[in-house]
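Structure at a glance
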Amino acid sequence: MGPSLDASIALAALGPFLAAALAPVVHRFAGRYAGWVLAVVPASIFIFLLGFIEPIASRRFVQASLEWVPSYGLNLSFFIDGLSLTFALTISGIGALIILYAGSYLAGHPHQGRFLGFMLAFMGAMLGLVLADNMLALFMFWELTSVTSFLLIGFDHARQAARRGAIQALVITNIGGMGLLLGVILVQQLTGTWEISGLRGLGDGMREHGLYPLVLILFLMAAFTKSAQFPLHFWLPNAMEAPTPVSAFLHSATMVQGGVYLLSRMTPFLGGTDMWTVTLVSFGGVTLIWGALGSIRQTDLKQMLAQTTIASLGLLVLLIGLGNEAAIAAVVVYFIAHALYKAGLFMVAGAIDHETGTRDITLLSGLSDKMPLTFIGAALAALSMVGLPLTLGYLGKEEMYLALADADWRSWLLLAVLVIGNALLAGVAMALAIKPFLGPLATTPKSPHEAPIAMLIGPLVLGGLGIGVAVMTDWFAHDIVVPAASTVLDVAVESHLSLALKPTSILFWLSVLTWVLGVLVFLQMAAIRTTLRRLDAAIGWTLDQGFDSVMFGLIRFSGAVTRFFHHGKLELYLVVVFAGLALAVMVPVLGMGGMDVLLPTHELGDWSAKLSWPDLRIYEWGVIALAVLGLGALLTASSRLVAILALGVQGTAVALIFLLFGAPDLAFTQFMVEILSVVILTLVMTRLRLDERDHRQFEDWARDGTLAIVCGAGVSLLLMVVLSGTLDPRMSDFFTATSVPIAHGHNIVNVILVDYRGFDTLGEISVVMAAGIAILALIRGKKKPGTLAPDVAKRQRKSALKAAK
Amino acid sequence: MNTVIFRTIAPLIVSIMLVFSVYVCLRGHNEPGGGFIGGLIAASAIAIFGMSSGVERVRAAIRVDPLSIAGFGVFIAGLSGLMSLFTGSPFLTSIWLYLDLGETVLPLSTPMIFDIGVYLVVFGTISAIALALEGEGGDI
Amino acid sequence: MDFVLAIVVGLFIATGSYFLLSRSLIRMLLGLTVFGNGVNLLIFTAGRLTREVAPIVPTGLDQPDGPIANPLPQALILTAIVIGFAMFSFLLVLAYRAYQSLDADNTDTMRVAEPEDSPRPPLSY
């Protein structure tokens, strides 16, 4: 452990992303050997992590931290303990084999480089997820696994089924992701820490807190969606649209296990309550049976495996829910066993598909002669899946039965569920290993031959490990299972793993029962399948279809909302705008006592001053009368020319007001602008054949008039309120006092424009110039008159036709 | 619009207005006036000229495309702000130079150049618009 | 006198709003001008009114020798007038172009960007 430990742990978590970015380049140069080259990255991470087994087993854990957002006290912190080491080893180890496999499986595919990049990015996200200490980082990696798996499932994006599977996976897992984010924030608010390691010892307080059910539901939402628990399991089978290496990696050992990891990680903090146990055990139990039955219903190899994955996830959730020592040890053992055999079987299924052109189990037979090594890989994996002695599967099964070995009736019920589930899975495993390989050779779309070496390494190594690790029982128990299980339970756990057969123990006979039932299931598989399919047809509706209904309903709903708000009637948009203006002005003025300045106060003198005739001079009244006259003439103008003149009159009146109240600059500018406006308006309006009268229906007229009066009155009132307050003259005083001494100018307005606020003015003249350019572009860009008109006319005819119907 | 009286008087009015506009612009720092007003007056002069003598004659008379004048205005306004770089002060800080011409002192300054820039922008843009609208035989 | 000006501002805003709510582009343009004038007056009045004394420091003095009009709102309004005019010209030409292309100045018939029978979102993946 050198001083660069922080950096190397972070590199282990983030390195795959770097490799992902380089993958397309590597693919370009290394060509068909890209898989071999890129597999070095996960392999070296695996070897690096192997070095941690020893220290972790002696009850130490390793932390590393990088500054992330220091201003919020956020660190990108990682830590390695028994649980995360188990997951990280599985991810990187299987990842290396999968990359190797994918390099061969997709050899010659034009986008193979991209594919390998996605795979490595996904692996990085997964490693980050299990190594993250900071819960926000955990959430970030969690979402990254969703996004990268979206890319991987939809890799073959020209097919609709792949797109659908990808969108479904993204939607479902992201619902959980939102739950996780809320849960993480809530936990941080309650405990004050972002670090998972900081939650140690806070579990008792949490379980008694009033918000515990909410936190629990949020975390369960995340875990159940990710780990495909019933009734949100249906995205997993649809994700089989991905290329097989993806399924072998994501949907057996990694992504779907994210939920299992989260639940295990949160066990010391959230676990142990009745609510936790009942929810997890019931959901897990239903999912186990549902998935196991589902796998028998299928004939497609990958679909069968996907369904068994659902079943296994249900089993793991159930065991976590039980939460006693043996159950948690069983979780660890079963997780590893499952990862090894499921990834192997997926790779075998992919190899069969690759070499024969079909994945339908009813069409496959007798491949053992043609593909002997593939058969060995499949057989080794199936042994572990059935749970025969000397395999990891056996250890896991023994351990989970041990977890329920007390005399409670609930335990017996659960035991029955477990035995039936395991028996169904064992049946499927036998079918997978026997049906395609033994018996007479069947004709397949491609003539079968052995898969390339890169595609064989995976199943053989994983199958071998499934037995090899089990044989080293003591090492496995002491260095892997005990540290991981101790982390989950936060107490030191004793190991009772043993490969020895004990005919005196009831556990042994339960295993025998499982095997016997499994053989029965295998023999009667066709009959069970027919029955299940009939049942399915009788129900006639699946959750999968329900998802479609919900999605399409959402699309329809959003379309309707868009059409409602985005109706295309300009005057209605403006009505909304002006109604907003009226509200924005009127509500503060009326609601916050703004009217007080206008109402009588107890000081009668003040009030009488308000009543008195305003002290305007006669010519000032004249100018104001001119303004009102101009507006009135504009409103009642019956011809174009009168309207233009009225516009000029009101503008002139404004200019005169400026002049009378000490603003000669404004007055001159306004005069010039009015003159130019009138000239330009005349130039343009005389060329239009316009109907200049205002055709408004009475309702429109009343609505617009009311709105206009409310807006005007509101602005008047607001201004009166403002005028009744005091003016803060500091800015004006500063300009007035410094205009001559600092800026050497006597006209303060001009000094402000060209000196104090010169930057502002520079922007404004740029706007003026831009407007000029736009105008010239409009004028010079010759367009034939009426180019768009026929289209509009056609549309209007169409809508008229529609109305007529 | 095309009466004899108007056509005869227009050049006179236009020239007076143009001279007046420059005067208004330059005195703007100390008296009412400034670049905005000056530019508007000059643009009005061009508009009147265009109405009386036709757009083509106006374009020939001012030689340069009005919008180029506007562009030049933005350019020198920005440039006057950059002058402050030489004194090491922030953008648009004013610099004053008093030229002693014996009888009188002529104050030159970057705000003056800035104001001339404003003048040119307003003059150029609005002249361009007015000429474009007046021109091309009633079909813009 | 301030309150009288406040009422005048209200009249300008009301007239401007009424015209802007019209369906005829040209009337909307007139409304925009009136509305702009109203807003300019609003800023002007909110800065308090002072009769006739322009914000100019007499020659030879460093400070004005009496109360003067508030220069700040004037500086704001001056540029607003010119920019308002540039915008007015732009919208006028735009309206004219629209009239030429669509043969209409009624906003109800200008539905190129948002046609009445816009397509429904597709219901597939």
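Since the structure is predicted, the reported quantities are computational estimates derived from the model, not experimental observations.

Looking now at the overall build of chain C. Check the secondary structure of chain C and you find 3 helices and 0 strands. When the helices and strands of chain C are placed in sequence order, the string is α-α-α. With respect to the principal axes defined by its C-alpha atoms, chain C has extents near 75 × 35 × 30 Å. Sorting the 125 residues of chain C into buried and exposed places 62% on the buried side. Contacts in chain C between residues at least 24 apart in sequence constitute 55% of all its contacts with a sequence separation of at least 6. When the accessible surface of chain C is totalled, it reaches about 4400 Å², and 66% of it is carbon and sulfur. Both charge centroids of chain C, one from 7 positive and one from 10 negative side chains, sit 7 Å from each other.

Per the secondary structure count, chain B includes 5 helices and 2 strands. Tracing chain B from N to C terminus, the helices and strands come up as α-α-α-α-β-β-α. Along the longest, intermediate and shortest principal axes, the C-alpha atoms of chain B span 55 × 35 × 25 Å. For chain B, contacts bridging at least 24 residues in sequence account for 62% of all contacts bridging at least 6. In the structure as shown, chain B presents an accessible area of about 6600 Å², 71% of it carried by carbon and sulfur atoms.

With that settled, consider the interface of chain C and chain B. Facing 10 residues of chain C, the contacting portion of chain B comprises 12 residues. Between chain C and chain B, roughly 890 Å² of surface is buried when both sides are summed, and carbon and sulfur atoms account for 81% of that area. On the chain C side of the interface with chain B, the three residues burying the most area are C:Ile56, C:Val82 and C:Tyr96, jointly 42% of the side's total. Summed over the shared surface of chain C and chain B, the number is 0 salt bridges.

Next up on the list: the UniProt feature "transmembrane region" (unreviewed entry) in chain B. Residues and elements named next belong to chain B. Here, UniProt's "transmembrane region" (unreviewed entry) annotation points to residues 12–29, 35–55, 67–92 and 112–133. With 95% helix and 0% strand, residues 35–55 has end C-alpha atoms that lie 25 Å from one another. Regarding residues 67–92, the helix share stands at 62% and the strand share at 0%, and the terminal C-alpha atoms are separated by 24 Å.

Right, let's get into the side chain of A:Glu398. All names here are of chain A. Structurally, the position occupied by glutamate 398 is in helix H18 (residues 392–403). Look at glutamate 398: it is buried, it has no salt bridge, and the nearest opposite charge is lysine 397 at 5.1 Å. Residues in contact with glutamate 398, not counting those within four places in the same chain, are Leu507, Phe508 and Ser511.

Within the secondary structure, A:Asp536 sits in helix H23 (residues 525–539). Separated by 239 residues in sequence, A:Asp536 and A:Arg297 have C-alpha atoms that sit 9.5 Å apart.

With that out of the way, let us pick up the pairing of strand S1 (residues 96–100) of chain B. Along any regular strand, the residues point their side chains to alternate faces of the sheet. Residues and elements named next belong to chain B. Of the strand pairs in this sheet, S1 and strand S2 (residues 105–109) are connected by 5 bridges, and their pairing is antiparallel. What sits directly across from leucine 99, in S2, is leucine 106. From the end of S1 to the start of S2, which pair antiparallel, there are 4 residues, and glycine 102 there has a positive phi angle of about 85 degrees.

Residues and elements named next belong to chain C. In the numbering adopted here, UniProt assigns the feature "transmembrane region" (unreviewed entry) to residues 6–21, 28–47 and 75–96. Secondary structure content for residues 6–21 is 94% helix and 0% strand, and the end C-alpha separation is 23 Å. In residues 75–96, the share of helix is 100% and the share of strand is 0%. The end C-alpha atoms are 32 Å apart.

Time to look at helix H1 (residues 2–20) of chain C. In this model H1(C) runs 27 Å from its N-terminal to its C-terminal C-alpha over 19 residues, within 8% of the 27 Å that 1.5 Å per residue would give. Summarising burial for H1(C): 16 of the 19 residues are buried, a large majority.

Take the pattern of salt bridges next. Throughout the structure, instances matching the rule amount to 15 salt bridges over all chains. Measuring nitrogen to oxygen at the nearest pair gives 2.0 Å for the salt bridge that ties A:Arg757 to A:Asp760. With a relative accessible area of 32%, A:Asp760 lands in the partly exposed category. Three or more residues are tied together by salt bridges with common partners; here these are A:Glu571, A:Asp700, A:Arg703, A:Asp704 and C:Arg23.

The subject of this paragraph is the interface of chain C and chain A. On the chain A side, the residues contacting the 100 residues of chain C number 122 residues. Buried area between chain C and chain A, both sides added, is near 10100 Å², and the carbon and sulfur share of it is 71%. Taken together, chain C and chain A are joined by 2 salt bridges. Note that C:Arg23 is salt-bridged to A:Asp700, the shortest N-O span being 2.7 Å. Connecting chain C to chain A are 17 residue pairs in polar contact (both at pLDDT 80 or more). Among the secondary structure elements, those contributing two or more residues to the side of chain C that touches chain A are H1, helix H2 (25–46) and helix H3 (71–102) of chain C. If you tally residues by element for the side of chain C that touches chain A, the top one is H3(C), at 26 residues.

Turning next to the environment of A:Ile80. Residues and elements named next belong to chain A. Within the secondary structure, isoleucine 80 is located in strand S2 (residues 74–80). Classification of isoleucine 80 as buried rests on a relative accessible area of 1%. Along the backbone, isoleucine 80 and leucine 38 are 42 residues apart, and their C-alpha atoms lie at a distance of 25 Å. Not counting the four nearest positions on each side in its chain, isoleucine 80 is found in contact with Ile9, Leu49, Phe52, Ile56, Phe61, Val62, Leu85 and Leu131.

Before going further, it helps to spend a moment on the nonpolar core. Counting 201 residues, the largest nonpolar core has A:Leu270, A:Leu392 and A:Phe476 as its most contacted members. With 23 residues, helix H16 (residues 325–356) of chain A is the largest single contributor of residues to this core. Formed by 130 residues, the second largest nonpolar core is a distinct cluster that contains A:Val585, A:Leu676, A:Leu719 and C:Tyr18.

All names here are of chain B. Contact geometry for helix H3 (residues 55–62) and helix H5 (residues 110–134): axes closest at 10 Å, N-to-C directions at 150 degrees. As far as their axial angle goes, H5 and H3 are roughly antiparallel. Between H3 and H5, the residues in contact are Val55, Val58, Arg59 and Ile62 and Leu131, Ala132 and Glu134, respectively. In terms of residue class, the contact of H3 with H5 is built from 5 nonpolar, no polar and 2 charged.

Rules used in this analysis
Residues numbered from 1 in each chain as written. Chains lettered and ligands numbered in written order. Predicted model: local features only at pLDDT ≥ 70, side-chain atom pairs only at ≥ 80, totals over all residues. Heavy atoms only, no water. Helix = DSSP H or I, 4+ residues; strand = E, 2+ residues; numbered from the N terminus. Buried < 20%, exposed > 50% of the residue type's maximum accessible area, 1.4 Å probe, protein only. Contact = heavy atoms within 4.5 Å. Areas by Shrake-Rupley, 256 points an atom, 1.4 Å probe, with all protein chains shown as cover. Lys, Arg positive; Asp, Glu negative; His and termini not counted. Charge placed at Lys NZ, Arg CZ, Asp CG, Glu CD. Buried area = accessible area lost by both parts, 1.4 Å probe. Salt bridge = Lys/Arg side-chain N within 4 Å of Asp/Glu carboxyl O. UniProt positions renumbered as here; feature names shortened; annotations may be inferred. Pairing = 2+ DSSP bridges. Expected span 1.5 Å × (residues − 1). Polar contact = N/O pair within 3.5 Å; in protein donor to acceptor, adjacent residues only side chain to side chain. Core = buried A, V, L, I, M, F, W, Y, C linked by side-chain atoms within 4.5 Å. Axes fitted to C-alpha atoms, helices over the stretch in contact; angles between N-to-C directions. Parallel < 35°, antiparallel > 145°, perpendicular 65-115°, else oblique. Nonpolar A, V, L, I, M, F, W, Y, C, P; charged D, E, K, R; others polar.

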